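# Notes for the structure review
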Amino acid sequence: MDIIFQTWPWYVSGFLIGMIMLCLIYFGKSFGMSTNLSTLCSMTGIGKKLSFFDVDWKTQRWNLLVVVGAILGGFVANHFLSDPSNVDINPKTITQLLQMGIDAPKGKLLPDALFGNVIFESPKMIFILILGGVLIGFGTRYASGCTSGHAISGLSNLQIKSLKAVVGFFIGGLIMTHFVLPLLF
Amino acid sequence: MNALKYIVVGFVFGIVLTKSEAVSWYRIYEMFQFQSFHMYGIIMVAVVTGLIGIQIIKRINVKDIKGLPIEILDKEPGSARFWIGGICFGLGWALVGACPGPIFILLGAGFLPMLLVLIGALLGTFFYGLLRNKLPH
């Protein structure tokens, strides 16, 4: 049972993620999580004003069910399958984070400095989280895919376009981690 | 049954991403600092598994669950969109440590501030729909 509660190794997790993608292909669908953001926008009826969202969202109902499953999975994994010793990162990384005032993981998935409920009292943190979301939503729709659609599905289907997108993800990620985060924290 | 199989796939996805800590802000930060192999290992094994699976599907013409031929569509044409959109997403990914899947998974795990990220992501998607005709693709 210990195996379940410990951090799952990369080769097990990577294999399962690949199988999830293949499963959806076998169901006649495709693996892409950011499409759901677009579907949620379409569901508001905004398609009457903006043609981009004028799609029949019911054709994406299956993908919303995947989201429902993912939410349940997150709940079960975090509440019943976790162990307080879990997230343990490189000590060098921890030292760097402490210098920026970001708390060490000590088993937690997310830092309190960004995701503790106290952030609701900080306009700066509220702004940062919304801004991060805007970049994710805008970027994934512009690039027509995120980690699941481009990095996993696209690369395994040998799409050069996906390779461009993934290189873009890394350029953006490196700029943020090395140059912008130290300015924000 | 029809709906259940998608919920089950999503459920496994949520558990795998949480248990592998791919939903962790720390893991994303560590990845972009090149201080751990963990995330690179996950992405590489997922791609290799998918690559082998897709090659098998294509070579022996595997049919889908309804018995129809499996068609894996190419991505939309364009070039600038992948670079610029990709960089925007990368900035957001490293800032909040979550891509679209983990936003939902972490909400399920009970992290309320993720709601702000989700609101932002819906706004960002809306902005793209609004500006699409003015952007280079």
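Residues numbered from 1 in each chain as written. Chains lettered and ligands numbered in written order. Predicted model: local features only at pLDDT ≥ 70, side-chain atom pairs only at ≥ 80, totals over all residues.

This part covers unusual backbone geometry. A positive phi is found at Lys106 of chain A, a non-glycine position, where the angle reads about 45 degrees. Position of Lys106 of chain A among the secondary structure elements: in the loop between helix H5 (91-99) and helix H6 (112-115). Positive phi values are uncommon outside glycine, yet Phe34 of chain B reaches one of about 55 degrees. Within the secondary structure, Phe34 of chain B is located in the loop between helix H2 (25-32) and helix H3 (38-59). (Helix = DSSP H or I, 4+ residues; strand = E, 2+ residues; numbered from the N terminus.)

The next subject is the confidence of the model for chain B. Of the residues in chain B, 99% have a pLDDT of 70 or more, and the chain-wide mean is 95. Prediction confidence for the complex, expressed as pTM and ipTM, is 0.96 and 0.96 respectively. (pLDDT = per-residue confidence, 0-100.)

We now examine the interface of chain A and chain B. Counting residues at the interface gives 106 residues for chain A, matched by 98 residues for chain B. Of all the elements in the fold, those that place two or more residues in the side of chain A that touches chain B are helix H2 (10-26), helix H3 (35-43), helix H4 (61-80), H5, H6, helix H7 (123-142), helix H8 (147-156) and helix H9 (160-184) of chain A. Within the side of chain A that touches chain B, the residues separate by chemical class into 67 nonpolar, 35 polar and 4 charged. (Contact = placed C-beta atoms within 7 Å. Nonpolar A, V, L, I, M, F, W, Y, C, P; charged D, E, K, R; others polar.)

Moving on to the environment of Pro69 of chain B. Here Pro69 of chain B shows up in the loop between H3 and helix H4 (80-96). Considering only alpha carbons, one finds Pro69 of chain B and Lys58 of chain B, 11 residues apart in sequence, at a separation of 9.7 Å.

We now examine H9 of chain A. Compared with the 36 Å implied by 1.5 Å per residue over 25 residues, the 34 Å span of H9 of chain A between its first and last C-alpha is a close match. Residue Met176 of chain A marks the point of greatest curvature in H9 of chain A, where the axis turns by about 40 degrees. Along H9 of chain A, the residues classified as buried are Lys161, Ser162, Lys164, Ala165, Val166, Gly168, Phe169, Gly172, Gly173, Met176 and Thr177 of chain A. For H9 of chain A, the secondary structure elements touched by its buried residues are H8 of chain A together with H2 and H4 of chain B. (Expected span 1.5 Å × (residues − 1). Bend = angle between axes of the 7 residues up to and from the residue. Buried ≥ 20, exposed ≤ 12 C-beta atoms within 10 Å, placed from the backbone.)

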